[in-house]
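Chain residues, written in single-letter form:
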Amino acid sequence: MPEQPARRAAPRLEPPRLDWPDRDPDRVVLIDEDGAAERRPAGELPKPELIEIARHGDGAGLLLWADNHFGLDWLLRRGTTVDLIYTDPPFNTGRRFEHYDDRLEVGLYLSLLETRLVQMRDLLSARGTLVIHLDDRVVHHVRLLLDELFGPENFRNSVVVKRITKNLQHQFQQVQALPVAHDLMLVYSRDPSRRYPKPLVPKPNGPAHPEGYWKDFWSTADRPTMRYELLGITPAKGQWKWRRSRAEQAVANYLEFTASGHDRLLDWWRRDETREFVRRRGEKVYHWVPPSDTRFADTLWDEFCAYSFRRDFPTEKSEPLLERVIRLYSEPGDTVLDPFAGSGTTGAMAARLGRRWVLIERGEQALTHIAPRPAEAGAGYRLCRAQGELGTLAAR
């Protein structure tokens, strides 16, 4: 028999390259306290040490009071790896906020992000995930940049999250555009082989069918190997949902229930919640779906708002948002990093959910907003400050 030729892997398609004036990954954008931007050659920048200046409780968390370029570099030099990065950089809104300036020209903005995204990528473990929170002003640019830096094969999802809408346009008879009611989170893995646990999230109103319900066992998918005889019916097209052995066991389970004399399938199922049930009614076959307080998560997160307004911080992200991100993309004991820490929601929720955490923040809110939050979650941390740092960060 002739030897089969070796199958060659498909060549990796290089994504389109995003370009802008003065793009240079070897130069780092730094912002001074007045909001003025400066590009400095990376090789000429100092490498400040971060010195512990305070410790609270067990010191398990890490709050770096530093420009995030220097904070990320310090972590890399220490050989740190993290399993999840949630980052909420400025959205390039053209506005100046109390705690940070968001008025960079788009090329400077992208340059600021590029060097830091490379640092974030290099900090991720092999099973790590990046979630970057943006709005529709720059998300299209950043998506191209991330495809280039991470590889398009590592893109996982673009998640839509709800934001508060301001309906000031009601007073006008004509509008320029619709009010924006969502933000976007781009999700990238470090490695394309990464798989996540089944993404189950709570149903806000509990089970839609408290007694369970019967659902058509036929599917419009079309695999001939899944068209077998079941309860006297063989599909001419489409397929059954489960493999034959599983379906036949579910038929046997239902026959056992009917022979038992019980009249409530829900009670019978609760004796062993791993059991499945299939039955025939008329010319159709059905499987039983038990009641559930959870549903399979998708990319539309509209059960809660992405923002909170509890801590006098204009872009504070909500705890339900961070709870879902951390639960879906990390596991207990993992390390979660937020290099644009803002008001500190990421660290608070990571601590509450049993994750280690690292936050980086240059502004005074590192002390006024972030530092009090670990204690609220019953978590200890170390506060470290950069020594000999050059410049300050425009962001948060």
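Residues numbered from 1 in each chain as written. Predicted model: local features only at pLDDT ≥ 70, side-chain atom pairs only at ≥ 80, totals over all residues. Heavy atoms only, no water.

What follows covers helix 6 (residues 319-329). Across the 11 residues of helix 6, 8 count as buried, placing the element largely inside the fold. Those residues of helix 6 not exposed but buried are Glu319, Leu321, Leu322, Arg324, Val325, Ile326, Leu328 and Tyr329. (Buried < 20%, exposed > 50% of the residue type's maximum accessible area, 1.4 Å probe, protein only. Helix = DSSP H or I, 4+ residues; strand = E, 2+ residues; numbered from the N terminus.)

Moving on: the confidence of the model for the protein chain. Taken residue by residue, the protein chain gives an average pLDDT of 88. The fraction at 70 or more is 89%. Residue range residues 1-5 is modelled with pLDDT below 50. Its contacts to residues more than four positions away, or to other chains, number 0 contacts. Taken together, the stretch residues 390-396 has pLDDT below 50 and engages in 40 contacts with residues farther than four places along the chain or on a different chain. (pLDDT = per-residue confidence, 0-100. Contact = heavy atoms within 4.5 Å.)

With that settled, the discussion passes to helix 1 (residues 68-77). Residues lying three or four places apart along an α-helix face the same way, a consequence of the helix completing one turn every 3.6 residues. With respect to burial, helix 1 is a largely interior element, 8 of its 10 residues being buried. Count one or two residues on from helix 1 and you reach Gly79, which has phi positive near 75 degrees.

Turning our eyes to something else, we now look at the pattern of salt bridges. A complete count under the given rule lists 29 salt bridges for this structure. For the salt bridge of Glu248 with Arg244, the shortest nitrogen-to-oxygen distance reads 3.0 Å. Highlighted residues: Glu248 and Arg244, both in helix 4 (residues 244-260), separated by 4 residues, approximately one helical turn. A single network of salt bridges, built from pairs that share partners, joins Arg17, Arg23, Glu114 and Glu148. (Salt bridge = Lys/Arg side-chain N within 4 Å of Asp/Glu carboxyl O.)

Paired through backbone hydrogen bonds, the strands of a sheet run either parallel or antiparallel to each other. If you trace the 3 strands from one edge of the open sheet to the other, you get 12-16-15, paired in antiparallel fashion. If you trace the sheet from one side to the other, it starts and ends with strand 12 (213-216) and strand 15 (278-281), each paired once. Shown here is a sheet whose adjacent strand axes are inclined to one another by a mean of 40 degrees, direction ignored. By the bridge criterion, 4 bridges tie strand 15 to strand 16 (residues 284-289) in an arrangement that is antiparallel. When the sheet's bridge partners are listed, Arg281 is paired in strand 16 with Lys284. (Pairing = 2+ DSSP bridges. Axes fitted to C-alpha atoms, helices over the stretch in contact; angles between N-to-C directions.)

Now for the pairing of strand 19 (residues 335-338). Residues Thr335 and Leu337 line one face of strand 19 and the alternating positions Val336 and Asp338 line the opposite face, and both faces are buried. Where strand 5 (residues 82-87) lies against strand 19, 2 bridges are found, and the strand directions are parallel. Looking across to strand 19, one finds that Leu84 is bridged to Val336. Bridge count for strand 19 against strand 20 (residues 356-361) is 4 bridges, and the pairing is parallel. Among the inter-strand pairings, Leu337 is bridged to a residue of strand 20, identified as Val358. Crossover strand 19 to strand 20 through helix 7 (residues 345-352) is right-handed. (Right-handed = clockwise from strand over helix to strand, strands pointing away.)

Looking now at the environment of Gly57. Considering the arrangement of structural elements, one finds Gly57 in the loop between strand 3 (50-56) and strand 4 (61-65). With relative accessibility at 70%, the residue Gly57 sits in the exposed group. For the pair Gly57 and Tyr381, spaced 324 residues apart in the sequence, the C-alpha separation amounts to 6.5 Å.

Judged by nonpolar contacts, the single largest core of 42 residues is most densely connected at Leu64, Leu75, Leu117, Val142, Leu146 and Leu337. If one sorts the elements of this core by residue count, helix 2 (residues 106-123) sits on top with 8 residues. In this view, Leu117 contacts Leu130, Ile132, Leu145, Leu146, Leu149 and Phe150; residues no more than four positions away in its chain are not counted. Within the second largest apolar cluster, 36 residues are counted, among which are Tyr307, Val336, Ala350 and Leu359. (Core = buried A, V, L, I, M, F, W, Y, C linked by side-chain atoms within 4.5 Å.)

The next thing to look at is the sheet that holds strand 5. An order of 3-21-4-20-19-5-8-10-9-18 is seen for the 10 strands of this open sheet, with the pairing classed as mixed. One side of each edge strand has no neighbouring strand; the edge strands of this open sheet are strand 3 and strand 18 (300-305). Neighbour-to-neighbour, the strand axes of this sheet turn through a mean angle of 20 degrees, independent of strand direction. When strand 3 meets strand 21 (residues 381-386), the two strands line up antiparallel, connected through 6 bridges. Within strand 21, the position partnered with Arg55 by the bridge is Arg382. Relative to the sheet, helix 6 contacts strand 5, strand 8 (124-134), strand 9 (155-162), strand 10 (182-189) and strand 18, its axis offset from that of strand 18 by approximately 140 degrees. Of the strands in this sheet, strand 5, strand 19 and strand 20 are in contact with helix 7, which crosses strand 20 at around 170 degrees.

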